[in-house]
Amino acid sequence: MTKNQDLITVEDYKQFVGPEKIEQLYQKSSRLQDLHVVNINSTYYGGGVAELLSSLCILFNDLGIKTGWRIIQGSPDFFSITKKMHNALQGDEINLSDRKKEIYESVIHENAVRNHLDHDMVIIHDPQPLPMIEHYRKRGPWTWRCHIDITNRNKELWEYLKQYIEKYDAVILTLEEYKQDLRTPQLFFEPAIDPFSIKNKDLTEKEMDERFEHHKIPNDLPIIAQVSRFDRWKDPEGVIRAFREARKEVPATLVLLGNVATDDPEGNEVYESLLDCQEERIIILSQQDSALVNAIQRRAAVIVQKSLREGFGLTVAEAMWKGTPVIGGNVGGIRRQIKDGENGFLVSSVEETTERMVQLIKDENLRREMGRKARKSVEQKYLLVHYLEKYLDLFGSFSTNFSIQNYF
Ligand code: UDP
């Protein structure tokens, strides 16, 4: 295949990570040339997994590793069940009836029939396509990449899913604290962002103005914003309550920008439930517009990500990369990214969120200083080449019988 000049290459990251890191990546990938890899998940857009895969697959191909990305298809009731599973893995109850299992298993069986997987490596993302492994004779190692915070997982559901999980050759979780009692080896990869994407690249003031005008977002007062899928675990209501208190002390505009992923049937309901809260200074937008995400994360005085559970929270890294201070829920991956009081604030209640909103809006120097440190920490840890390298190490450590050797 010819090289496309417009696509981002590993080399483009040199300016951020230096030539040695790039050289290391070439070396690590040299043994993996022409490997054929496939990723499977359940949505092309909306949510962190799609965000990661769209950029990551291009970089793998740049390194000579033939990497593809496929999506499973399912009926609305399938996605309603898998969303319930997602919620239960984050701690909700679930009525795991035989009917639910039957739909889940048969839709995945159909997908397995449609997808002919004879790749050297198969990477399955999250619980939706997990049982696909049942239906193939493996030609290479299969990895299950779970992006969810499973520390409070529902036990009954976990026991049911475990029959599939333990058929995999490796499990990748986001943080070590998500580790489970499994026969399968577990690895821990923290995700990362693509600094060149429309969502993260530099924008001029004019480009930002244009996005704000297009969506009729007022620019006259400091902006506090949360950019997130409409999902109750992201606690948009808590953000609105915190903002209502904060604005008694500081004038500001709140923007909640969200989208709805195709594999998330609850999204619209959550969005609609918030609409009554709209007013002149509380703007709630459901849009799929990456440049708008960029403009808001860049221009906001404060970004909030008040999640109650969060596997990682790419939105946090995205805002930090733009030098914007983030107030994040003290959970999961957010607390790995934010060092409280240094490069952002961690909060555990609406009251704390209000307090930090007021403090940051009042103190421009603090915002600038936190933003500067935030950007630095993303540069050091959370750019996509770091994530890519972990996969290269994993691929390089699979032995001929698909077990992992020399990785740990
Ligand atoms: N996102 C977006 N538009 C929106 C809201 C979110 O493009 O209106 C993106 C966001 O920028 C991020 C991803 O969706 O890249 C969300 O990933 P995250 O890890 O924060 O959460 P998830 O949705 O996977 O739970």
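Preceding this paragraph is the structure being described.
Below is a short write-up of the structure. This is a predicted model, so every value here is computed, not measured. (Residues numbered from 1 in each chain as written. Predicted model: local features only at pLDDT ≥ 70, side-chain atom pairs only at ≥ 80, totals over all residues. Heavy atoms only, no water.)

**A look at empty space enclosed by the protein**
- Scanning the model with the defined rule gives 3 cavities of 30 Å³ or more in all.
- In this structure, the largest cavity occupies an estimated 60 Å³ of space.
- What lines the largest cavity is Glu51, Leu52, Ser55, Ala192, Ile193, Asp194, Asn200, Leu314, Glu318 and Leu384.
- Elements that contribute at least two residues to the lining of the largest cavity include exactly helix H3 (48–62) and helix H11 (314–321).
- With 3 residues, H3 is the single largest residue contributor to the lining of the largest cavity.
- Across the lining of the largest cavity, the residue classes tally to 5 nonpolar, 2 polar and 3 charged.
- Roughly 50 Å³ of volume is contained in the second largest cavity.
- Lining the second largest cavity, in full, are Gln226, Ser228, Arg229, Phe230, Lys234, Pro236, Leu256, Leu257 and Gly258.
- With 3 residues, strand S8 (residues 253–258) is the single largest residue contributor to the lining of the second largest cavity.
- Taken together, the residues of the lining of the second largest cavity break down into 4 nonpolar, 3 polar and 2 charged. (1 Å grid on protein atoms, 1.4 Å probe; cavity = no way out; pocket = protein on both sides within 12 Å on 5 of 7 lines; lining within 4 Å. Points joined across faces, edges and corners; volume = space filled by probe spheres on them. Helix = DSSP H or I, 4+ residues; strand = E, 2+ residues; numbered from the N terminus. Nonpolar A, V, L, I, M, F, W, Y, C, P; charged D, E, K, R; others polar.)

**Description of the sheet that holds strand S7 (residues 223–227)**
- What the 6 strands build is an open sheet, ordered S9-S8-S7-S10-S11-S12; its pairing is parallel. Each edge of the sheet is formed by a strand with only one pairing partner; in this case those strands are strand S9 (282–286) and strand S12 (345–347). Between one strand axis and the next, the sheet turns by 20° as a mean value, whatever way the strands run.
- As paired strands, strand S10 (residues 302–305) and strand S11 (residues 326–329) are joined by 3 bridges and run parallel to one another. By the bridge assignment for S11, Ile303 is matched with Val326. (Pairing = 2+ DSSP bridges. Axes fitted to C-alpha atoms, helices over the stretch in contact; angles between N-to-C directions.)

**A look at the environment of Val113**
- Counting through the fold element by element, Val113 comes out in helix H5 (residues 98–114).
- Distance in space between the C-alpha atoms of Val113 and Ser348 is 46 Å, their sequence separation being 235 residues.

**Thoughts on the pairing of S8**
- The buried count for S8 comes to 6 of 6 residues, which makes it a mostly enclosed element.
- Residues Thr253, Val255 and Leu257 line one face of S8 and the alternating positions Leu254, Leu256 and Gly258 line the opposite face, and both faces are buried.
- In terms of strand pairing, S7 meets S8 through 5 bridges, oriented parallel. Bridge pairing in S8 links Ile223 to Thr253.
- Regarding topology, helix H8 (residues 236–246) serves as the crossover connection from S7 to the parallel S8, and that connection is right-handed.
- Summarising the sheet, S8 and S9 pair through 5 bridges and their orientation is parallel. The residue of S9 that forms the bridge with Gly258 is Ser286.
- In this view, the connection linking S8 to its parallel neighbour S9 by way of helix H9 (residues 267–274) has right-handed handedness. (Buried < 20%, exposed > 50% of the residue type's maximum accessible area, 1.4 Å probe, protein only. Right-handed = clockwise from strand over helix to strand, strands pointing away.)

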